[in-house]
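For reference, the chains in residue letters:
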Amino acid sequence: MPDKHIKTVLEIIKKNKNDILNVWKNNLWKKLEYQRDLLSDNEIEKYAEDFLNLFNAAIKSEDYDFMSSEEWDALKDTVTQLIHRWSSQGFTIRETGSFVTTFKDALYNKIKENIEKNPDVILSVFSILDRLFTDLAIFSVEAHVQSRDEIISRQQKEILELSTPVITLWKGILAIPLIGTLDSERTQMVMEALLQKIVETGSDMAIIDITGVPAVDTEVAQHIIKTINAARLMGADCIISGIRPQIAQTMVALGVSFDVTTKATLADAFSVALKRVGFQITNENHE
Amino acid sequence: MERIPILKMGDYLLVSIQIDMHDKLAMDLKNDLAEKISKTSAKGVLIDISALEVVDSFIGRMLGSMSEISKVLGAETVIVGMQPAVAITLVELGLSLKGIHTALNVEKGIKLLDELVKLQ
């Protein structure tokens, strides 16, 4: 709904534009003290000026519904862009949020200076502005969290892709080093990668190395057993290697067993695998 | 009525499943295989399922029981050529077919049968 007093705000912004910008930038720099290395005056200047112009235009539209009105879309885009940039550089929510809050402080002070003597105007103007800035603050927090979520899900995907290499150790012998905790999603990927490689290479043996698995509880064991069974159905035998002493102890305590050959190190498992496939290792120096 | 052929190769019987199995077909195959083993006194059975794209729990169980029946009749069974997707499905269904022999392809399957028959 239009408000006749909001025109005063526009006039104040117009008259004191540079003043507001300067106070705002100064306060913002204070809030962003720890990120001084990552920021330039130009960047702040550019975003601040863009923001102020867009804010002005949106107010002029007399539509104060920040969340759903299209009039505010351009402003939202600018804020989102800035916050994505800052949050990916490691700024905290408080720091990214200060872009909006310091502007609010600068603007409020200017308004108070100018229309102090008119309580009615102040009341009606601030009731509109307050709602706007609350929404803006929430919006900037949301933008920050969203950009963090994007980073997290991208990294999760990268980890998944990185963590399932299947290595051909010898003709007919594959190795699959598992790193990190096994959940059902990762087990699925490991299983698919292993079985695919078994078909491609016609391998008879697969060594599952769990050196990089931090803990083996019943759930993780269940996932490993599934992988072993699937490989067995394809006609490949599995050996498990890389069982650390503590893990051996927890496995026994939990009553977990794999029903296949298990070895402490990948080297031991490899020599067993070679023997089963029909190779023999000899040391020519007889040491 | 369609049936899955059972071929005799020396001491072994060769079953190659080339079409999608439905339950009736699997039951028939089980009966035919039992008949054929006792008639030919075969020492080994090789079941090639490389063309099977879909295996449900019934077919999975049927493969297991075929293997057991053969064992009772004195023949070792090797199932060869299971597709990765099928293996994963069976494991997820909780059917890991413990106690049956598997190999990657027919060649390896015959080699495994040779070894198993030698042990008998």
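About the cut-offs
Each chain carries its own residue numbering, running from 1 in the written order of its sequence. Lettering of chains starts at A and numbering of ligands starts at 1, both following the order in which they are written. With the structure being a predicted model, the display of local features is reserved for residues of pLDDT at least 70 and the display and counting of side-chain atom pairs for 80 or more, all residues being used for whole-chain, interface and lining totals. Helix and strand assignments follow DSSP, with helices taken as H or I runs no shorter than four residues and strands as E runs no shorter than two, numbered in order from the N terminus. Partly exposed residues are those falling between the two cut-offs: more than 12 but fewer than 20 other C-beta atoms within 10 Å of their own, whereas 20 or more means buried and 12 or fewer means exposed, with C-beta atoms placed from the backbone. Between the first and last residue of a helix there are one fewer steps than residues, each counted as 1.5 Å, and that sum is the expected span. The reported arc concerns the directions from the helix axis to the C-beta atoms and nothing else. Strands pair, by our definition, only if DSSP identifies at least two bridges between them. All axes here are fitted lines through C-alpha atoms, helices being fitted over the stretch that makes contact, and every angle between N-to-C directions spans 0 to 180 degrees. Note on terminology: a nonpolar core is a set of buried residues of type Ala, Val, Leu, Ile, Met, Phe, Trp, Tyr or Cys, with members joined through C-beta atoms within 7 Å. Remark: residues whose backbone-derived C-beta atoms lie within 7 Å of one another are considered to be in contact. The pLDDT score gives, residue by residue, the confidence of the prediction method on a 0 to 100 scale. Gly falls in the polar group here, along with every residue not listed as nonpolar (Ala, Val, Leu, Ile, Met, Phe, Trp, Tyr, Cys, Pro) or charged (Asp, Glu, Lys, Arg).

Here we look at the environment of A:Asn53
All names here are of chain A.
Reasoning step 1: Here asparagine 53 lies in helix α3 (residues 41-60).
Reasoning step 2: A tally of 15 C-beta atoms within 10 Å means that asparagine 53 is categorised as partly exposed.
Reasoning step 3: In this structure, the C-alpha to C-alpha distance between asparagine 53 and isoleucine 13, residues 40 residues apart in sequence, is 9.8 Å.

Section: helix α1 (residues 23-40) of chain B
Along an α-helix, residues three or four apart share an orientation, since each turn contains 3.6 residues.
Residues and elements named next belong to chain B.
Reasoning step 1: The end-to-end C-alpha distance of α1 is 26 Å, a good match for the 26 Å that 18 residues give at a rise of 1.5 Å each.
Reasoning step 2: Those residues of α1 not exposed but buried are Leu29, Leu33 and Ile37. With its buried residues spanning 60 degrees around the axis, α1 presents them on a single face. Residues of α1 that are exposed and angled more than 90 degrees away from the buried face: Lys24, Met27, Asn31, Glu35, Ser38 and Lys39.
Reasoning step 3: Looking one or two residues beyond α1, the residue adopting positive phi is serine 41, at roughly 40 degrees.

Focus: the sheet that holds strand β4 (residues 76-80) of chain B
In a beta sheet, neighbouring strands pair by backbone hydrogen bonds and run either parallel or antiparallel.
Residues and elements named next belong to chain B.
Reasoning step 1: Sheet architecture is open: five strands sit in the order β1-β2-β3-β4-β5, paired in mixed fashion. Edge strands, defined here as strands with exactly one partner in the open sheet, are β1 (6-9) and β5 (101-103). Direction aside, neighbouring strands of the sheet carry axes that sit 25 degrees apart on average.

Side note on the nonpolar core
Across soluble globular proteins, nonpolar side chains have a tendency to be buried as a group.
Reasoning step 1: In terms of nonpolar packing, the biggest core is built from 65 residues, with A:Ala206, A:Ile207, A:Ala231, A:Met234, B:Val45 and B:Ala87 touching the most fellow members.
Reasoning step 2: Broken down by element, this core gets its largest block of residues, six residues, from helix α8 (residues 218-233) of chain A.
Reasoning step 3: Discounting residues that sit within four places of it in the chain, A:Ala206 has contacts with A:Leu174, A:Ile176, A:Leu194, A:Ile198, A:Ala231, A:Ala236 and A:Cys238.
Reasoning step 4: If you look at the next biggest cluster of nonpolar residues, it comprises 24 residues, including A:Ala48, A:Ile111, A:Val125 and A:Ala143.

Brief notes about the sheet that holds strand β1 (residues 167-170) of chain A
Residues and elements named next belong to chain A.
Reasoning step 1: With respect to topology, five strands assemble into an open sheet ordered β1-β2-β3-β4-β5, the strand pairing being mixed. Where the open sheet ends on each side, the last strands, each with one partner, are β1 and β5 (261-262).
Reasoning step 2: Two strands pair when backbone bridges link them, and strand β2 (residues 173-179) and strand β3 (residues 205-212) are joined in this way by six bridges, in the parallel orientation. Looking at the pairing, proline 177 lines up with aspartate 209 of β3.
Reasoning step 3: Along the sheet face, helix α7 (residues 184-201) touches β1, β2 and β3 and points at about 165 degrees away from the line of β2.

Examining the confidence of the model for chain B
Reasoning step 1: Of the residues in chain B, 99% have a pLDDT of 70 or more, and the chain-wide mean is 90.
Reasoning step 2: In the model output, the complex is listed with pTM 0.65 alongside ipTM 0.81.

Side note on the interface of chain B and chain A
Reasoning step 1: If you look at the interface, chain B gives 13 residues, while chain A gives 15 residues.
Reasoning step 2: In terms of residues, the side of chain B that touches chain A owes the most to one element, helix α3 (residues 84-92) of chain B, which gives five residues.
Reasoning step 3: Residues of the side of chain B that touches chain A, tallied by class, amount to ten nonpolar, two polar and one charged.

Here's the deal with unusual backbone geometry
Reasoning step 1: Notably, A:Asp259 is not glycine yet its phi reads approximately 65 degrees, a positive angle.
Reasoning step 2: Mapping A:Asp259 onto the fold places it in the loop between α9 (245-254) and β5.
Reasoning step 3: The exposed category is assigned to A:Asp259, around which 12 C-beta atoms lie within 10 Å.
Reasoning step 4: Unusually for a residue other than glycine, B:Leu97 sits at a positive phi of about 50 degrees.
Reasoning step 5: One can find B:Leu97 in the loop between α3 and β5.

Observations concerning the pairing of β2(A)
Residue and element names in this part refer to chain A.
Reasoning step 1: Counting buried residues in β2 gives five out of seven residues, a clear majority hidden from the surface.
Reasoning step 2: Note that β1 and β2 share three bridges and pair antiparallel. Residue pairing across strands places threonine 168 opposite leucine 174, the latter belonging to β2.
Reasoning step 3: Linking β1 back to β2 in an antiparallel pair, the connection comprises two residues, with glycine 172 at a positive phi of about 90 degrees.

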